[in-house]
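# Structure at a glance
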Amino acid sequence: MYTVTCIAPVNIAVLKYWGKKDEELILPVNDSISATLDTDHLFTKTTVMTSENFKEDRMWLNGQEENMENCRLQRCLTEIRKRAKHSKHLQWKIHICSENNFPTGAGLASSAAGYACLVLALAKLYEIKGELSSIARIGSGSACRSVIGGFVKWSMGSLPDGSDSIAKQIVPASHWPEMRVIILVLDDTRKKVPSSIGMRRSMETSDMLKLRINYVVSDRAKRIERAIIEKDFETFAICTMKDSNQLHAICMDTYPPLFYMNEESRAIVDLVHTYNETVKKVQVAYTFDAGPNAVLYLLEENVPEFLGVLLYAYPEIGKIEYCKGLPRDNILISQELNKAMNIKPHEISPPVRIKCMIHTKLGDGPKYIIQPENHLLNQKGLPINHV
Ligand code: PMV
């Protein structure tokens, strides 16, 4: 019997992936860039086990047994098994158990962390060496970026077999240790249109997406990459916000349109712009994926002041039960700033209901856990909490 446990991070794109040129191989129409978040606060943990006694492949996700027929999962397994053809125990069945350390369905992209974790755990189990982001990619496109820490670029590649559509690190997390991330979960229900369906619809119907692919994204990728290397927060922030806005404009230009952001998300966008204008400097950037939740990038030195603004604008943040991550004890509420921003708490329309807030930073990427007491499967290959 062999067992491996891995934990893998969530990543949040600053230059978005939206649209595939090959649906089977999951090849994107543009390069994308993301930050890998710290596994201290958000992670998926996966244990894989293989034994000659197992009768069938089985998988448990967040405590529920899942069907192994999922075609993306099967594609990952086939690729892993192809690369592991010399492994002695390849004929044995496998058991997989995976859990997120954030509430299930909290509106946080878990498939990226999930597939990255699965692929890395299986790669170690079968002693597969070499490039692994391309296997994670065929599970979920953005998962290829969760295989690596720091700021990461996923190149679209040009080879028809997709072998050069891989993720590479731009800089490690230690390059910009001051970078902080605040996630505001506004809605914790599952998104109505999954991103794979949404991007297919945009590919088929949006003229604006063609414009983005042909005229915008490659220049923006260069600018944002340079801004990261030079630690130029203002350029980084402007590119990040414009790219998020463009993604959601393309969603509106898709037919029928895709509404991922809601009125509450737009209230956060407004607040960020009002704040930046008031302090006369771009100090906070927002970005939104295929859902209404806001992810904010800002530097450590501005966290106390901006948390003060958030707490003043949305006093209920102070009451929410699920807050996690880095400490929030040095919040600075400045009456002067609030006056200058002209925020009127409780009069913000619509009222923004923040379900949970996570204050975190960039991280070094996935890691393996060696202590057997931390495995999610017991000696019989069943989840430790199995009844
Ligand atoms: O990897 P997917 O299929 O979940 O798509 C992710 C798409 C976005 O999150 C909207 C953008 C991105 O680059 O992560």
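Everything in this summary refers to the structure shown in the same document. As the structure is a computational prediction, the values presented were derived from the model and not from experiment. (Residues numbered from 1 in each chain as written. Predicted model: local features only at pLDDT ≥ 70, side-chain atom pairs only at ≥ 80, totals over all residues. Heavy atoms only, no water.)

## Side note on the site of the ligand
To keep it simple, the criterion reads: Nearness of a residue to a molecule or strand requires only that one of the residue's heavy atoms be within 4 Å of it. Here a polar contact is recorded for every N or O atom pair within 3.5 Å, except that within protein the pair must consist of a potential hydrogen donor and a potential acceptor, and residues adjacent in sequence are included only if both atoms are side-chain atoms. Surface accessibility in these figures is a Shrake-Rupley result with a 1.4 Å probe; residues are shielded only by whichever protein chains are displayed. Residue classes follow a fixed rule: Ala, Val, Leu, Ile, Met, Phe, Trp, Tyr, Cys and Pro count as nonpolar, while Asp, Glu, Lys and Arg count as charged, and any other residue, Gly among them, counts as polar.
Around the ligand, the neighbouring residues are Ala13, Lys16, Tyr17, Trp18, Ser140, Gly141, Ser142, Arg145, Ser195, Met199, Asp289 and Ala290. Arg145 is positioned such that a nitrogen or oxygen atom in its side chain is 2.7 Å from an oxygen atom of the ligand. Residue Ser195 places a side-chain N or O atom 3.3 Å away from an oxygen atom belonging to the ligand. Protein contacts shield 92% of the accessible area of the ligand, which totals 380 Å² for the unbound molecule. In the shell around the ligand, the residues fall into five nonpolar, four polar and three charged.

## Let's talk about the sheet that holds strand S11 (residues 167-171)
How we decide: At least two bridges found by DSSP between two strands are what make those strands a pair. Helix and strand assignments follow DSSP, with helices taken as H or I runs no shorter than four residues and strands as E runs no shorter than two, numbered in order from the N terminus. Between N-to-C directions, angles cover 0 to 180 degrees, with each direction set by a line fitted to C-alpha atoms, over the stretch in contact for helices. Contacts are assigned to residue pairs that have any heavy atoms within 4.5 Å of one another.
Overall, antiparallel pairing links the four strands, which are arranged S2-S5-S10-S11 in an open sheet. Every interior strand has two partners, whereas the edge strands, strand S2 (11-15) and S11, have only one. Geometrically, the sheet is characterised by an average inter-axis angle of 35 degrees between neighbouring strands, direction not taken into account. Where strand S5 (residues 32-36) meets strand S10 (residues 151-154), four bridges bridge the pair, whose relative direction is antiparallel. Its bridge partner being in S10, Ala35 is matched across the sheet by Phe151. Strands S2 and S10 of the sheet are contacted by helix H6 (residues 233-253), whose axis makes an angle of about 95 degrees with S2.

## Concerning the sheet that holds strand S7 (residues 58-61)
Pairing within the open sheet is mixed, and its six strands lie in the order S8-S7-S9-S6-S1-S17. Two strands bound the open sheet, and with one partner strand each, they are strand S8 (64-66) and strand S17 (367-369). Here the strands of the sheet are splayed against their neighbours by 25 degrees on average, with no regard to which way each runs. Pairing of S7 with S8 involves three bridges; the strand directions are antiparallel.

## A look at the pattern of salt bridges
Condition: When a carboxyl oxygen of Asp or Glu lies within 4 Å of a side-chain nitrogen of Lys or Arg, that pair is called a salt bridge. Burial classification: accessible surface area is computed with a 1.4 Å probe over protein chains only, and a residue below 20% of its type maximum counts as buried, one above 50% as exposed, and the rest as partly exposed.
All told, the structure shown has 15 salt bridges when counted by the stated rule. Here Asp38 makes a salt bridge to Lys361, at a shortest N to O gap of 2.7 Å. With Asp38 in the loop between S5 and strand S6 (44-51) and Lys361 in strand S16 (residues 356-361), this residue pair connects regions lying 323 residues apart in the sequence. A relative accessible area of 25% means that Lys361 is categorised as partly exposed. For the salt bridge of Glu225 with Lys153, the shortest nitrogen-to-oxygen distance reads 3.1 Å.

## Topic: the state of the cysteines
Spelled out, the test is: The criterion for a disulfide is a pair of cysteine sulfur atoms lying within 2.5 Å.
Under the defined criterion, the tally for this structure stands at zero disulfides. Left without a disulfide partner, Cys76 is nearest to the cysteine sulfur of Cys71, which lies 10 Å away. Lacking any disulfide linkage, Cys97 is separated from the closest cysteine sulfur, that of Cys117, by 11 Å. Since its relative accessible area comes to 2%, Cys97 is described here as buried.

## Observations regarding the nonpolar core
We count it as follows: Residues grouped as a nonpolar core are buried Ala, Val, Leu, Ile, Met, Phe, Trp, Tyr and Cys residues, joined through side-chain atoms within 4.5 Å.
By size, the foremost hydrophobic cluster in this structure holds 69 residues, and its most contacted members are Phe151, Phe236, Leu296, Tyr297, Phe306 and Tyr314. Setting aside anything within four residues of it in sequence, one finds Phe306 in contact with Leu271, Val272, Tyr275, Val284, Leu296 and Leu298. Ala84, Leu120, Leu132 and Trp154 belong to the second-largest nonpolar core, a separate cluster that totals 50 residues.

## Side note on the packing of helix H5 (residues 207-230) against H6
Heads up, the condition is: To sort the angles, those under 35 degrees are grouped as roughly parallel, those over 145 as roughly antiparallel, those from 65 to 115 as roughly perpendicular, and the leftovers as oblique. The hand of a helix crossing depends on one turn: near helix anticlockwise from the far one by less than a right angle means left-handed, and clockwise means right-handed.
Interaxial distance between H5 and H6 falls to 10 Å at its minimum, and their mutual angle equals 165 degrees. As judged from the angle between their axes, H5 and H6 are roughly antiparallel. By crossing handedness, the relation of H5 to H6 is classed as left-handed. Between H5, through Asp207, Met208, Leu209, Arg212, Val216, Arg220, Arg223, Ile224, Ala227 and Ile228, and H6, the contact on the second element is made entirely by Thr235, Phe236, Cys239, Thr240, Lys242, Asp243, Gln246, Ala249, Ile250 and Asp253.

## Some details on helix H8 (residues 303-313)
Most of H8 sits inside the fold, with eight of its eleven residues counted as buried. For H8, the full list of buried residues reads Val303, Pro304, Phe306, Leu307, Gly308, Val309, Leu310 and Ala313.

## Some thoughts on a nonpolar patch on the surface
Put simply, the rule is: For patches, a residue must show more than 30% relative accessible area and have no salt bridge; joins then use 9 Å for like charges and 5 Å for nonpolar side chains, namely Val, Leu, Ile, Met, Phe, Trp and Tyr.
Together, Met208, Leu211 and Tyr215 make up a nonpolar patch on the protein surface, roughly 340 Å² of accessible area in all. Looking at the secondary structure, you find Met208 in helix H5. Look at Met208 and you get partly exposed, because its relative accessible area is 32%.

## Describing unusual backbone geometry
Each neighbour pair has its own omega, and for Tyr255 with Pro256 the value is -10 degrees, a cis peptide bond. Looking at where Pro256 falls in the secondary structure, it is placed in the loop between H6 and helix H7 (263-279). Backbone geometry at Asn62 places phi at a positive 45 degrees, although glycine is not the residue there. Within the fold, Asn62 resides in the loop between S7 and S8.

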